Amino acid sequence: MNRPLLCGEIPEDGCPIGRGGTCDDEVCAALYDCTEGNWVQVVDCEWDGSSMGGGGAGSGDGGAGGCEPLQIDRTGEAVGCLPALRDPDCPVAAADMCEASVCLTGCEDFFLCTEQGWREVAYCSEDGEVVLIQ
């Protein structure tokens with residue numbers, strides 16, 4: 001069984017095109033697609049500087065159709081955890097998207113690889129809402 005290659009953290013000011021990213025969102029300077037484990041820029045969101053708050057804002061609520069990224073605490077993150085996760089468990093990188101879209105991935109539980117092994121950091125509720133574990 002071939003598992004998809006995850007791209008990890010998206011480039012700064014970038015948004016994932018396949019997970020709801022749009023140039024209508026002021027936080028997106030460019031749209032990226034995850035291709036074979038690498039982020040590839042597919043659209044350059046050209047801003048003329050006349051939008052609300054300018055390019056350095058980033059403090060809005062996302063507005064209609066906006067994307068509020070899921071904020072997961074990655075303190076202690078490591079690489080190389082074994083055994084590999086099995087569906088429907090996913091690494092935390094699979095939740096790097098708009099919070100409203102996280103539970104549309106098919107993942108039920110999200111885990112962070114730490115020096116001590118996998119640690120659950122979020123899950124999808126029966127209502128399809130992502131729940132962060134503190």
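Scroll up to find the structure.
Below is a summary of the structure that appears in this document.

Procedures and definitions
Residues numbered from 1 in each chain as written. Predicted model: local features only at pLDDT ≥ 70, side-chain atom pairs only at ≥ 80, totals over all residues. Heavy atoms only, no water. Pairing = 2+ DSSP bridges. Helix = DSSP H or I, 4+ residues; strand = E, 2+ residues; numbered from the N terminus. Axes fitted to C-alpha atoms, helices over the stretch in contact; angles between N-to-C directions. Disulfide = S-S within 2.5 Å. Buried < 20%, exposed > 50% of the residue type's maximum accessible area, 1.4 Å probe, protein only. Core = buried A, V, L, I, M, F, W, Y, C linked by side-chain atoms within 4.5 Å. Contact = heavy atoms within 4.5 Å.

## So, the sheet that holds strand β4 (residues 89-91)
Adjacent strands of a sheet form backbone hydrogen bonds with each other and so pair up, either parallel or antiparallel.
Next up, step 1: Taken together, the four strands give an open sheet; going across it, the order is β4-β5-β6-β7, and neighbouring strands pair in mixed fashion. Lying at the two open borders of the sheet, with one neighbouring strand each, are β4 and β7 (130-132). The sheet shows a mean angle of 40° between the axes of neighbouring strands, taken without regard to direction.
Next up, step 2: The sheet contact formed by β4 and strand β5 (residues 109-114) spans three bridges and is parallel. Along β5, the bridge assignment pairs Cys 90 with Phe 110.

## A few points about the state of the cysteines
Next up, step 1: Evaluated as defined, the whole model comprises five disulfides.
Next up, step 2: Paired by a disulfide, Cys 90 and Cys 107 hold their sulfur atoms 2.0 Å apart. Judged by the sign of its S-S torsion, about -85°, the cystine formed by Cys 90 and Cys 107 is left-handed. Placement of the pair is Cys 90 in strand β4 and Cys 107 in the loop between β4 and β5, with a sequence separation of 17 residues. The exposure classification of Cys 90 matches that of Cys 107, with both residues buried.
Next up, step 3: Across a sulfur-sulfur distance of 2.1 Å, Cys 103 and Cys 124 are joined as a disulfide pair. Across the S-S bond of Cys 103 and Cys 124 the torsion is about -100°, and the bridge reads as left-handed. Residue Cys 103 is found in the loop between β4 and β5, and its partner Cys 124 is found in strand β6 (residues 117-124); the two are separated by 21 residues along the sequence. Here Cys 103 matches Cys 124 in class, with each residue buried.

## Some words on the sheet that holds strand β3 (residues 38-44)
Next up, step 1: Read from one edge to the other, the open sheet built from three strands follows the order β1-β2-β3, with strand pairing classed as mixed. A single partner strand is all that each edge strand has here, and the edge strands are β1 (14-16) and β3. On average, each strand axis in the sheet is inclined to that of its neighbour by 40°, with strand direction left out of account.
Next up, step 2: Bridging between strand β2 (residues 30-35) and β3 involves six bridges; their strand directions are antiparallel. The residue bridging Ala 30 from the neighbouring strand is Asp 44, located in β3.

## Considerations on the nonpolar core
Next up, step 1: Counting 16 residues, the largest nonpolar core has Leu 70, Ile 72, Ala 95, Val 102, Phe 110, Val 121 and Val 130 as the members making the most contacts within it.
Next up, step 2: Broken down by secondary-structure element, the contributors of at least two residues to this core are β5 and β6.
Next up, step 3: In terms of residue count, β6 provides more of this core than any other element does, three residues in total.
Next up, step 4: In this structure, Val 102 is in contact with Leu 70, Ala 95, Met 97, Phe 110 and Val 130, ignoring residues within four places of it in sequence.
Next up, step 5: Cys 7, Ile 10, Ala 30 and Trp 39 belong to the second largest nonpolar core, which has five residues in total.

## Quick word on the pairing of β2
Next up, step 1: For β1 and β2, the ladder comprises three bridges, and the chain directions are parallel. Following the sheet pairing, Pro 16 is matched in β2 by Tyr 32.
Next up, step 2: Hairpin remark: β2 followed by β3, antiparallel, with two residues in the connecting loop; positive phi at Glu 36, about 50°.

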